[in-house]
Amino acid sequence: MTPDPRRLLPSAEPVSLIDPQGRAADSPSHALPDDATLLRSLGSLITARRLNDQAYALVRQGRLAVYPSSHGQEACQVAAAQVLEAGDWLFPTYRDTVAAVVKGVDPVEALSLLKGDWHCGYDPYLHHVAPHATPLATQLPHAVGVAHAARLRGEPTVVMAMCGDGGTSEGDFHEALNFAAVFQAPVVFFVQNNEYAISVPLSRQSAAPSLAHKGIGYGVNAERVDGNDMAALLAVLGAAVERARAGEGPQLIEAHTYRMQAHTNADDATRYRDDADVEAWKDRDPIQRLRAHLRERELFTDEIEAGFTAEAERVAAHLRDGLNRDIEPDPEDLFAYVYASPTPQLREQAALVADELSREGAN
Amino acid sequence: MTVLASPVPKTEVRSLSMAQALNRALRDAMADDPSVVMFGEDVGALGGVFRITDGLTAEFGDNRCFDTPLAESGIVGMAVGMAMNGMRPVVEMQFDAFSYPAFEQIASHVAKMRNRTRGRVTLPMVIRVPYAGGIGGVEHHCDSSEAYWAHTPGLHVVAPATPADAYALLRESIASPDPVVFLEPKKLYWSKQEVALPVRAPGIGTAVVRREGTDATLIAYGPAVPVALEAAEAAAREGRSLQVVDLRSIVPFDDETVCAAVRSTGRAVVVAEASGFASVSSEIVARVTERCFNSLAAPIRRVTGFDIPYPPPKLEHFQLPGVDRVLDAVDDLQWEQ
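Per an unreviewed UniProt entry, chain B is named Pyruvate dehydrogenase E1 component beta subunit, and its organism is Actinoplanes italicus. On record in UniProt, under Cofactor (unreviewed entry), the comment for chain B is "thiamine diphosphate".

Under an unreviewed UniProt entry, the name given to chain A is 2-oxoisovalerate dehydrogenase subunit alpha, and the source organism is Actinoplanes italicus. Quoted verbatim from the Function (unreviewed entry) field of UniProt, the annotation for chain A is "The branched-chain alpha-keto dehydrogenase complex catalyzes the overall conversion of alpha-keto acids to acyl-CoA and CO(2). It contains multiple copies of three enzymatic components: branched-chain alpha-keto acid decarboxylase (E1), lipoamide acyltransferase (E2) and lipoamide dehydrogenase (E3)."

> Lay out the UniProt feature "domain: Dehydrogenase E1 component" (unreviewed entry) in chain A in plain terms, naming residues and giving numbers.
Sites flagged by UniProt as "domain: Dehydrogenase E1 component" (unreviewed entry) map to residues 48-313 of chain A. As a span, residues 48-313 of chain A carries 44% helix and 12% strand, and end to end its C-alpha atoms are 11 Å apart.

> Go over the domain arrangement of chain A, please, and point to the residues and values.
Entries for chain A in the domain assignment read domain 1 (5-329) and domain 2 (331-363). The gap between the C-alpha centroids of domain 1 of chain A and domain 2 of chain A is 40 Å.

> Any chance you could break down the UniProt feature "domain: Transketolase-like pyrimidine-binding" (unreviewed entry) in chain B for me, citing the residues and the numbers?
Under the feature "domain: Transketolase-like pyrimidine-binding" (unreviewed entry), the UniProt entry names residues 16-191 of chain B. The distance from the first to the last C-alpha atom of residues 16-191 of chain B is 8 Å, and the span holds 36% helix and 17% strand.

> Can you explain the nonpolar core? Please cite residues and give values.
One finds A:Phe189 and B:Met84 to be the most contacted residues of the largest nonpolar core, which totals 89 residues. One finds A:Ile18, A:Met230, A:Ala232 and A:Phe308 within the second-largest nonpolar core, a separate group that totals 63 residues.

> Describe unusual backbone geometry, listing the residues and the values that go with them.
Residue and element names in this part refer to chain B. Omega for the bond connecting Leu 197 with Pro 198 falls within 30 degrees of zero, at -5°, which places this linkage in the cis form. Relative to the elements of secondary structure, Pro 198 occurs in the loop between β8 (192-197) and β9 (208-211). Geometrically, the link from Val 251 to Pro 252 is a cis peptide bond, its omega value of -5° lying close to zero. By secondary structure assignment, the location of Pro 252 is in the loop between β12 (249-251) and α9 (255-265). Even without a glycine there, the phi angle at His 140 is positive, about 70°. Within the element layout of this structure, His 140 appears in the loop between β5 (126-131) and α6 (146-150). Positive phi, normally seen in glycine, also occurs at Arg 248, with a value near 65°. With respect to the helices and strands, the residue Arg 248 is situated in the loop between β11 (242-246) and β12. Taking relative accessible area as the criterion, Arg 248 reaches 0% and is therefore assigned buried.

> Account for the sheet that holds strand β2 (residues 36-40) of chain B, naming residues and giving values.
Residue and element names in this part refer to chain B. If you trace the seven strands from one edge of the open sheet to the other, you get β3-β2-β4-β5-β7-β6-β12, paired in mixed fashion. Taken across any chain shown, the strands that pair with only one partner, and hence form the sheet edges, are β3 (65-67) and β12. Each strand axis lies, on average, 20° off the axis of its neighbour in the sheet, ignoring direction. As judged from the five bridges shared by β2 and strand β4 (residues 88-92), these two strands associate in the parallel manner. Within β4, the position partnered with Gly 40 by the bridge is Glu 92.

> Describe the interface of chain A and chain B, and please don't skip the residues or the numbers.
At the interface, 42 residues of chain A touch 44 residues of chain B. Summing both sides of the interface, chain A and chain B together bury roughly 3600 Å²; the carbon and sulfur share of this comes to 60%. Across the contact surface, chain A and chain B share two salt bridges. Residue A:Glu348 is joined to B:Arg291 by a salt bridge in which the shortest nitrogen-to-oxygen separation is 3.1 Å.

> Tell me about the domain arrangement of chain B, and please be specific about residues and values.
Residue and element names in this part refer to chain B. In terms of domain boundaries, chain B breaks down into domain 1 (12-197) and domain 2 (208-331). Placing the centre of domain 1 and that of domain 2 at their C-alpha centroids yields a distance of 26 Å. Both sides together, the interface formed by domain 1 and domain 2 hides about 1900 Å², and carbon and sulfur atoms give 60% of it. Applying the counting criterion to the domain 1 and domain 2 interface returns two salt bridges. Residue Arg 210 pairs with Asp 165 through a salt bridge whose shortest N-O separation is 2.7 Å. Linking domain 1 with domain 2 are ten residue pairs in polar contact (both at pLDDT 80 or more). Split by residue class, the side of domain 1 that touches domain 2 holds 17 nonpolar, seven polar and four charged.

What counts and how
One numbering rule holds for all chains: residues counted from 1, following each sequence as written. A letter from A marks each chain and a number from 1 marks each ligand, given out in the order of writing. Only residues with pLDDT of 70 or above have their local features reported here, since the model is predicted, and side-chain atom pairs are shown and tallied only from 80 upward, although totals for entire chains, interfaces and linings are computed over all residues. The side-chain figures draw on all heavy atoms in the structure; neither hydrogens nor water molecules are used. UniProt positions are given in the numbering used here, feature names are shortened, and annotations may be inferred rather than shown by experiment. Note on conventions: DSSP H or I runs of at least 4 residues are helices, E runs of at least 2 residues are strands, and numbering of each starts at the N terminus. Marked domain ranges trace back to an automatic or database domain assignment. The definition of a nonpolar core used throughout is a set of buried Ala, Val, Leu, Ile, Met, Phe, Trp, Tyr and Cys residues joined through side-chain atoms within 4.5 Å. Exposure categories follow from relative accessible area, calculated using a 1.4 Å probe and restricted to protein chains: below 20% of the type maximum is buried, above 50% is exposed, and the middle band is partly exposed. Two strands are said to pair when DSSP picks up at least two bridges between them. Comment: axis = line fitted to C-alpha atoms, over the contacting stretch for helices; angle = value between 0 and 180 degrees taken between N-to-C directions. For this analysis, residues touch if any pair of their heavy atoms sits within 4.5 Å. Here the quantity called buried area is the total loss of accessible area, with a 1.4 Å probe, experienced by two parts when brought into contact, counted for both. Any Lys or Arg side-chain nitrogen located within 4 Å of an Asp or Glu carboxyl oxygen qualifies as a salt bridge. We define a polar contact as two N or O atoms separated by no more than 3.5 Å, with the added condition that, inside protein, one atom must be a possible hydrogen donor and the other a possible acceptor, whereas residues neighbouring each other in sequence contribute only through side-chain atom pairs. Following the grouping adopted for this structure description, the nonpolar residues are Ala, Val, Leu, Ile, Met, Phe, Trp, Tyr, Cys and Pro, the charged ones are Asp, Glu, Lys and Arg, and the polar ones are all others, Gly among them.

See the structure below:
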């Protein structure tokens, strides 16, 4: 039976539950999350912003080689991890360090990649967070495989697979959506559309009505959400996770947000976009919005704010301490993990390095 | 490796083609281990275009052997995820050149996952590739792509040349904790051999001497092995004794067996179907020369495919290393000194 394509049409406008001024907005499809959840989320957002800004500062101090910041996209980061159960998997890109941290990864270990000590610094199985993916969209088929394996075993696992607007142009995005739909794999594809892929604007990335519309061609349910509205993200992503867990197949969520900073500190955004565009998005800041909403409702007191700020400072200090500690990388590690047991050729090469080191030590 | 040892070893001898041996290996692996799953294009009801997966869906169900959408990067990428989550996927790339869409998945993820996660995430998966020519296939159906995989650290690369090895090496590849690119020489799919099951054979990374000889060593793998054996037979009729080494695995490479063989004869010819430039055959020559220079009576010669795109069927016999070219190369090994 051919499914009704109208069922797959995403809403004309992104779902929004709290407007940029902090006022609750009615939605025909989603209810505002409860007060405790919103308050807890604000605390996470404040820590998330602090982490982004601390990591950025550590780049300037030479402790990190580079940091692709999610400054301004913190609501997407926090919500993506917060809607998951402990056994659910998260597949982050290089810009999704904060989401990995919210899922439980130690921020120091999460930034090992960018500090240069090793590639993936954390144990992916500990919190069910896949290694940061840098080749765009290549992690999405992996997410489908993890979900499919879980489904075959009858486990209730859901996989949150993240990518950006640029990533939706890659072949693996399309193959992953198609495979997930054909196998009804419980994957939530979460696209943070921040309007830029390094320097290339969305208009040069896609002519689709929205990135969520790409789901239609694969028979994947899709929805659009205001990516700077924490309440809407929790509602929309939460519902998508529930549908996936209930056996309704993969879901595609597009969050409309904006990359407030350059691609990384190595990028110069003034070469391709106007400061005025960035300024306009400052009024839509996700933290200010939720803060205003909870202040207005007298749920967010000075005392609570002091507690949140202290927690954010504690996490930032942990990150600083961890990244300021120099770890002497072990050259033996170069050969230790390529295969379960090194090939004879790798053993020879490891011996060569060991010999070089012993001669250096002797001199 | 312990996979081939069953508690009550019952030996069953039967004549098997390489295709049947591969099918039997998959069936036995799936029966022994419920985490082994097989998927790819046309591997379900059809049993694969070469029938290697024949009957597996019927026997094990559609959750264990299944067709996928026609997208090789998606196939390999999904296998990565399934391997991350407790399965042992075996995937089929329908033809060698059709594996190229999966190149990024293989080079960036399959080969690197163990290393980038310090051994925390391992990928026990097998990428089966029907490969090489000699079957009159049209373009894009006859590539010898082993150099791409062999050049990518983190992969094992295996190429059987006999039905018994096809069975043993595939079982071992499936049991391996590391990803294996398993190259199946298409033109040998129908070659037959009396096979004693379960096959006991040396493991991955071990070359074998297929034919003893004292005058020169032929080094071959995959589809070139029968050519080397035939050349040795022809040379014997002319009074020259050629030894034949079958690499069986390209990675890990068995320097020990190859070098011992070359040292014993002092002369060597590498026979391979792939183009010679920047190839596995050039690597073999370099390695053997570095290690055995003092034992060599002549420079090592190579008989390989030309450095051209694989030719159309009516010209492919020019590209394939044949007995005459091998014997000519042997003749060139400075016998007069």
